[in-house]
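# Geometric and topological summary
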Amino acid sequence: MTVAYIILILYFLSMVAITLYTKNRSKSVNDFLMAGKKGLNGWMSAFAYGTTYFSAVIFIGYAGKFGQSYQMAATWIGIGNAFLGALFAWKVLAKRTKLMTHRLSTKTMPEFFEKRYGSKNIKLFSAIIIFVFLIPYSVSVYNGLSNLFEMVFGIEGWIIMLALAGITALYLFFGGYFATALSDFIQGIIMLVGIVLMVLFFLKSEYVEWDISSLNWFTFNSKNQVIFGDTISLISLILLTSFGVWALPQTIHKYHTVRDDKAINQGMIVSTVFALIIGFGAYFVGGLSQVDGFSNHLNGVASDDVVPTMLKLLGQPWLLGIIAVLILSASMSTLSSVSLSSASVVAIDLYKGFIDKKAQDRKVNIIMRVLCLVFIVISVVLAVLNDIYKISAIAYLMGLSWGTLAGCFIGPYVLGLVWKKVTKSAVWVSMITSLVLTIVLIFVFGYIKCGYGGTFGLILQNGINCSPLIGVICMASSMILTFVISLFTKQLDNKIVEKAFNDVVENN
């Protein structure tokens with residue numbers, strides 16, 4: 001285990017070095033949030049996107065849970081993430097986002113909604129949704145990482161969560177987005193090397209008798225039955241995890257900061273390859289849990305503990321160190337992006353937008369730094385409480401945060417980029433309907449799964465288990481409602497529309 005600890009210490013020291021290197025490069029709000037005027041090149045943008053996309057949740061929670069449920073068919077989730085969540089997303093959104101946000105002079109998603117639809121109230125409402133629902137997402141990342149360290153290293157979860165929060169706060173507070181992007185690049189390399197080594201060592205281990213014909217890639221027997229059957233459940237997961245990133249503020253932010261057209265094309269290719277390797281590799285390892293050699297040791301093991309248990313069985317201390325750093329890297333990059341997105345909506349959209357409209361740049365910059373720390377503290381406190389007391393309400397909310405955010409924003413954001421006729425009324429209907437629909441479907445599906453009975457807690461838990469399907473329904477309703485309502489409601493003032501689309505029309 002000494003080797004594993006040495007690797008972890010070296011990783012933490014490298015993050016401190018990044019903090020020192022970048023501490024003088026975030027003097028303004030633009031520097032702190034957008035990495036300066038020039039923006040980032042394609043490689044750094046792609047790695048920032050990919051490391052934000054994939055966190056400890058995919059390696060610890062999703063890989064184990066869905067590997068057990070769908071065997072090797074779970075790898076289709078990773079493939080979908082690469083081509084729908086990376087390649088297609090960059091192709092459709094990156095250039096349009098860069099051009100339109102530059103034209104409107106916006107830095108955040110709520111700011112974009114305000115300028116695109118001429119409504120401060122939409123900015124306020126979307127900012128509150130983002131801050132509220134990114135907290136449980138952050139909590140889930142902390143908890144996913146703590147499971148690994150508890151199982152493999154014997155370190156109590158709250159200790160590693162505090163250490164992770166401290167180092168993330170350090171380089172985010174002093175270096176802002178440039179420090180985050182630089183660390184993401186290094187962490188992305190670690191993730192690529194780590195996942196390749198993990199797959200190779202699992203295949204060469206004594207627990208796997210390698211026979212490709214015995215691995216089931218297209219059909220499966222789910223151990224976790226869902227309300228409409230296994231196939232719909234798997235498709236829902238592919239759609240949610242692939243299209244959800246089309247409307248998450250922390251991933252959309254990467255398009256704001258990409259340098260130019262050349263960087264966009266480069267970023268599209270690199271992020272796709274990155275997502276394919278990471279996504280496929282993670283779910284492939286999860287699918288190996290159903291090979292007899294491993295499955296015999298996993299009877300009764302909780303889904304979140306499947307991958308940590310498999311890693312422990314390999315008995316390679318140095319490999320454990322690399323895999324720990326891999327998952328740590330994925331977590332820190334996601335947490336820094338989520339923290340930055342949440343802090344920016346409060347500092348820019350709420351404080352400067354409503355409380356102190358004349359606030360100086362320096363003051364907003366300081367507030368944003370402090371809010372990054374506040375967001376990290378709130379998240380880690382809730383994560384520690386959940387780890388100690390198993391507060392199930394927090395755990396339930398984790399699974400829905402991604403689907404709720406995507407459901408509220410995908411119609412107004414995606415259609416708002418490509419179609420001039422989206423109306424203010426349609427945006428309101430989309431956001432409110434998605435929030436209401438999420439709550440209603442949780443209890444409807446939970447009630448049905450309980451056999452039209454059960455306690456409130458059981459109904460809630462069973463409803464949350466259907467969160468991928470609920471998220472997909474909300475995303476589909478957002479796109480449909482935004483389009484349909486726009487056809488029958490008052491159009492925006494031409495000046496607002498032309499200001500948003502002028503550069504987009506000229507360049508596309």
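Everything below is about the structure printed above this text.
All of these numbers come straight from a predicted model, not from anything done at the bench.

### Observations regarding unusual backbone geometry
Phi is positive for Gln-71, close to 55 degrees, though the residue is something other than glycine. Mapped onto the elements, Gln-71 comes out in the loop between helix H4 (56–70) and helix H5 (75–104). Even without glycine at this site, Ser-105 takes up a positive phi of about 55 degrees. Note on placement: Ser-105 falls in the loop between H5 and helix H6 (109–117). Its relative accessible area of 51% is what places Ser-105 among the exposed residues.

### Digging into the environment of Val-3
Looking at where Val-3 falls in the secondary structure, it is placed in helix H1 (residues 2–22). Among the residues examined, Val-3 registers a relative accessible area of 41% and is labelled partly exposed.

### Side note on the pattern of salt bridges
On inspection of all chains with the given rule, the structure shows five salt bridges. Of the charged contacts in the structure, one is a salt bridge between Lys-123 and Glu-114, with a shortest N-O distance of 3.1 Å. The same class applies to Lys-123 as to Glu-114, namely buried. A salt bridge links Lys-363 to Asp-356, with the nearest nitrogen and oxygen atoms 3.4 Å apart. Using a relative accessible area of 40% as the deciding quantity, one classes Lys-363 as partly exposed.

### Re empty space enclosed by the protein
Within this structure, the stated rule accounts for two cavities of 30 Å³ or more. Considered as a void within the structure, the largest cavity measures approximately 110 Å³ in volume. Together, 14 residues line the largest cavity, and Lys-107, Pro-249, His-253, Ser-341 and Ser-344 are the ones closest to its centre. When residues of the lining of the largest cavity are traced back to their parent elements, those giving at least two are helix H10 (249–257) and helix H14 (317–355).

### Some remarks on the side chain of Ser-339
Relative to the assigned elements, Ser-339 resides in helix H14. Overall, Ser-339 belongs to the buried group, its relative accessible area being 1%. Not counting residues within four places of it along the chain, the set of residues in contact with Ser-339 comprises Leu-172, Cys-372, Phe-375 and Ile-376.

Cut-offs used in this document
- Residues numbered from 1 in each chain as written.
- Predicted model: local features only at pLDDT ≥ 70, side-chain atom pairs only at ≥ 80, totals over all residues.
- Heavy atoms only, no water.
- Helix = DSSP H or I, 4+ residues; strand = E, 2+ residues; numbered from the N terminus.
- Buried < 20%, exposed > 50% of the residue type's maximum accessible area, 1.4 Å probe, protein only.
- Salt bridge = Lys/Arg side-chain N within 4 Å of Asp/Glu carboxyl O.
- 1 Å grid on protein atoms, 1.4 Å probe; cavity = no way out; pocket = protein on both sides within 12 Å on 5 of 7 lines; lining within 4 Å.
- Points joined across faces, edges and corners; volume = space filled by probe spheres on them.
- Contact = heavy atoms within 4.5 Å.

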